[in-house]
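A closer look at the structure
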Amino acid sequence: MTKQVTMAAATAGHAEGGTTLNAFDNALLAAGIGNINLIKISSILPPEVPVIDLPKIKLGALIPTAYAAMTSETPGETIAAAVGYAVPDDPAKNGVIMEYHGVATRAEAERQIHAMLDEAFRVRGELVREKRVFSVEHTVERVGCALAAITLLADEDLV
Amino acid sequence: MTKQVTMAAATAGHAEGGTTLNAFDNALLAAGIGNINLIKISSILPPEVPVIDLPKIKLGALIPTAYAAMTSETPGETIAAAVGYAVPDDPAKNGVIMEYHGVATRAEAERQIHAMLDEAFRVRGELVREKRVFSVEHTVERVGCALAAITLLADEDLV
Amino acid sequence: MTKQVTMAAATAGHAEGGTTLNAFDNALLAAGIGNINLIKISSILPPEVPVIDLPKIKLGALIPTAYAAMTSETPGETIAAAVGYAVPDDPAKNGVIMEYHGVATRAEAERQIHAMLDEAFRVRGELVREKRVFSVEHTVERVGCALAAITLLADEDLV
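Residues numbered from 1 in each chain as written. Chains lettered and ligands numbered in written order. Predicted model: local features only at pLDDT ≥ 70, side-chain atom pairs only at ≥ 80, totals over all residues. Heavy atoms only, no water.

1. Regarding the overall build of chain A
Of the regular secondary structure elements, chain A holds two helices and nine strands. Counting from the amino terminus, helix and strand elements in chain A follow one another as β-α-β-β-β-β-β-β-α-β-β. The C-alpha radius of gyration of chain A comes to 16 Å, within 12% of the 15 Å expected for a compact globule of 159 residues. A buried classification covers 58% of the 159 residues belonging to chain A. Of all intrachain contacts in chain A linking residues separated by at least 6 positions in sequence, the fraction that spans at least 24 positions is 77%. (Helix = DSSP H or I, 4+ residues; strand = E, 2+ residues; numbered from the N terminus. Rg over C-alpha atoms; globule rule 2.2 N^0.38 Å. Buried < 20%, exposed > 50% of the residue type's maximum accessible area, 1.4 Å probe, protein only. Contact = heavy atoms within 4.5 Å.)

2. Examining the relation of the copies chain A and chain B
After a rotation of 120° and a shift along the axis of 0.0 Å, chain A superposes on chain B with an RMSD of 0.0 Å. Here the two chains are linked by the operation of a three-fold rotation axis. (Least-squares fit on C-alpha atoms with pLDDT ≥ 70 in both.)

3. Details of the sheet that holds strand 7 (residues 95-102) of chain C
All names here are of chain C. Taken in spatial order, the four strands of this open sheet run 3-7-6-8, and their pairing is antiparallel. The open sheet has two edge strands with one neighbour each: strand 3 (44-45) and strand 8 (128-139). Across seven bridges, the pairing between strand 6 (residues 78-88) and strand 7 is antiparallel. What sits directly across from alanine 80, in strand 7, is glycine 102. (Pairing = 2+ DSSP bridges.)

4. Details of the interface of chain A and chain B
Contact with chain A, which involves 25 residues of that partner, is made by 26 residues of chain B. Between chain A and chain B the total buried area reaches about 2,100 Å² when both faces are included, carbon and sulfur atoms providing 60% of it. Ranking the residues of chain A by area buried against chain B places Leu21, Leu59 and Leu62 of chain A at the top, with a combined share of 26%. Along the contact surface separating chain A from chain B lie one salt bridge. (Buried area = accessible area lost by both parts, 1.4 Å probe. Salt bridge = Lys/Arg side-chain N within 4 Å of Asp/Glu carboxyl O.)

5. Focus on the interface of chain B and chain C
Listed per partner, the contact involves 25 residues of chain B and 26 residues of chain C. Of the roughly 2,000 Å² buried where chain B meets chain C, counting both sides, 60% is carbon and sulfur surface. At the surface where chain B touches chain C, the tally comes to one salt bridge. Close ionic contact of aspartate 25 of chain B with arginine 124 of chain C constitutes a salt bridge, the shortest N to O distance being 2.8 Å. Inspection of the chain B/chain C interface yields nine residue pairs in polar contact (both at pLDDT 80 or more). Elements with a contribution of two residues or more to the side of chain B that touches chain C: helix 1 (20-31), strand 2 (37-40) and strand 5 (62-72) of chain B. Among the elements that line the side of chain B that touches chain C, the one with the most residues is helix 1 of chain B, at seven residues. Looking at the side of chain B that touches chain C, its residues break down into eleven nonpolar, ten polar and four charged. (Polar contact = N/O pair within 3.5 Å; in protein donor to acceptor, adjacent residues only side chain to side chain. Nonpolar A, V, L, I, M, F, W, Y, C, P; charged D, E, K, R; others polar.)

6. Details of the side chain of threonine 65 of chain A
Within the secondary structure, threonine 65 of chain A is located in strand 5 (residues 62-72). The class of threonine 65 of chain A is buried, set by a relative accessible area of 0%.

7. Looking at the sheet that holds strand 3 (residues 44-45) of chain B
Residues and elements named next belong to chain B. Strand order in the open sheet formed by four strands is 3-7-6-8, and the pairing between neighbours is antiparallel. The outermost strands of the open sheet, each flanked by one partner alone, are strand 3 and strand 8 (128-139). Sheet strands in contact with helix 2 (residues 106-124) are strand 3, strand 6 (78-88), strand 7 (95-102) and strand 8, and its direction is about 145° off that of strand 7. (Axes fitted to C-alpha atoms, helices over the stretch in contact; angles between N-to-C directions.)

8. Some points on the packing of aromatic side chains
Per the counting criterion, the structure on display carries six aromatic pairs over all chains. Taken together, a centroid distance of 6.2 Å and an interplanar angle of 35° make the contact between phenylalanine 24 of chain C and tyrosine 67 of chain C tilted. Here phenylalanine 24 of chain C, found in helix 1 (residues 20-31), pairs with tyrosine 67 of chain C, found in strand 5 (residues 62-72); they are 43 residues apart in sequence, far enough to count as distant. On the basis of relative accessible area, phenylalanine 24 of chain C is assigned to the buried category, the value being 13%. By relative accessible area, tyrosine 67 of chain C is classed as buried at 14%. Lying over the aromatic face of tyrosine 67 of chain B, lysine 40 of chain B brings its terminal NZ or CZ to 3.9 Å of the ring centre. (Phe/Tyr/Trp six-rings, centres within 6.5 Å; stacked < 30°, edge-to-face > 60°. Lys NZ or Arg CZ within 6 Å of the ring centre and 35° of its normal.)

9. Remarks on the pattern of salt bridges
If charged atoms from side chains of opposite charge come close, those side chains can pair. A complete count under the given rule lists 18 salt bridges over all chains for this structure. Between lysine 93 of chain A and glutamate 126 of chain A there is a salt bridge whose closest N-O contact spans 2.9 Å. One end of the pair, lysine 93 of chain A, is in the loop between strand 6 (78-88) and strand 7 (95-102); the other, glutamate 126 of chain A, is in the loop between helix 2 (106-124) and strand 8 (128-139), with 33 residues separating them in the sequence. The partner of aspartate 90 of chain B in a salt bridge is lysine 93 of chain B, with the nearest N and O atoms 3.9 Å apart. Using a relative accessible area of 31% as the deciding quantity, one classes aspartate 90 of chain B as partly exposed. Note on lysine 93 of chain B: relative accessible area 34%, which makes it partly exposed. Taken together, the shared-partner salt bridges connect Asp90, Lys93 and Glu126 of chain A into one network.

10. What about the pairing of strand 1 (residues 7-16) of chain A?
All names here are of chain A. Counting buried positions along strand 1 gives seven out of ten residues, so the element sits mostly inside the fold. As judged from the ten bridges shared by strand 1 and strand 9 (residues 144-153), these two strands associate in the antiparallel manner. Its bridge partner being in strand 9, threonine 11 is matched across the sheet by alanine 149.

11. Some details on helix 1 of chain B
Residues and elements named next belong to chain B. The end-to-end C-alpha distance of helix 1, which contains twelve residues, comes to 16 Å, matching closely the 16 Å that a straight helix rising 1.5 Å per residue would cover. Considered for burial, the residues of helix 1 that qualify are Asn22, Ala23, Phe24, Asp25, Asn26, Ala27, Leu28 and Ala31. The first or second residue beyond helix 1 is glycine 32, which carries a positive phi of 85°. (Expected span 1.5 Å × (residues − 1).)

12. Concerning the nonpolar core
Ranked by size, the top nonpolar core spans 75 residues in total, and within it Leu45 and Tyr85 of chain A, Leu45 and Tyr85 of chain B together with Leu45 and Tyr85 of chain C carry the most contacts. Those residues in contact with tyrosine 85 of chain C that lie beyond four places of it in its chain are Leu45, Val51, Val96, Ile97, Leu117, Glu130, Lys131, Arg132, Phe134 and Ile150 of chain C. (Core = buried A, V, L, I, M, F, W, Y, C linked by side-chain atoms within 4.5 Å.)

13. A few points about the environment of glutamate 48 of chain A
For glutamate 48 of chain A, the position within the fold is in the loop between strand 3 (44-45) and strand 4 (51-52). In this structure the C-alpha to C-alpha distance between glutamate 48 of chain A and methionine 7 of chain A, which are 41 residues apart in sequence, comes to 8.6 Å.

As structure tokens, this is what we get:
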């Protein structure tokens, strides 16, 4: 796309809902990204793109996003979602984003992300300069969703 | 993305096909969106974007679309897909799009969309100014698909 | 989107990985598209867009891509992924892309793509001027992925 990505922002949220799609919508709202359009990407942080706190994004904006979401209709079940990124030593190289969702605790989700990022850097022959993981867990009452996301943003996406 | 969404258009279609992917392709053709590239979004109608009748879109255009599709290879089974949108009283706020697909009748699919939109507005604390649902059902002969979609369009996407 | 697609490029790859997501990431790297952001599309080749050898794409670029990926954690299983495109006689009309993934050999995957493309052209009432299929198979050791993709590119996506 012609969009010039100049920053990224990570977030996570969890919620109950009347249906799995409403639980997903409510988790997006809890994460602060419920009123934009997510376009799912697989999952590269472009070179020299800083990861910042979630800014105010235009309502309805089309935002390329790496995300993981887990919904469950099993009361009592603990579900988790996590995303993480790692940035290489070489600023000319891209970073990598990994996602995880499942019936798991937050700690287990984070462990998976770390392992996946480590392998991604090992196979690329790059050293990790910076690595962060964002995760959330949710214990289901009736219908629940756990969601974690890294959005790729352009200046014109912000309010 | 840099695309400026200025209108949206809803449509629905159903078809048989030789494979599930061909049934999906044929349902897209029946819906009038079989020769464009759909990019799946989750699922916001930007503020002040009217929903119009499906216009003529450039062949191969990249079109952000909220859609639901149900395919089935069980002869005799009735499947349905639906999308709906609701627009709030406040024109500065965004609308919401919801999708449903399943082994269901058209009436059941529509009921689900209404309930999901109502919850989405309740949690956002907005009143519904306008709400519409687009749905289709299909009784499978061999391999069938039911599909409903709301496309987000820019002026330059049109012929 | 405002992106002007001027060329397309097909590729395929397969790999093992420590997790299914890493196997997918490694298959993308093997295919030469592991350091870009794929945006999944369904699946039209715009008119007069040539399919070329994979060029060097900017790291982290957002690239609309029709792709098929099959992952498996069953040692000894043979999995395959394929994509193919067909272009019509009439240069003003769009081409079609089809994807396949499954527990299958490469030959079976290719046979499926040919059949799907033939049906897509039959229902559109177009004659095939050019047709090509790109496929790969992988026999799983521990966790494997087979992937095939056709990327839609703009001039500004290239290095």
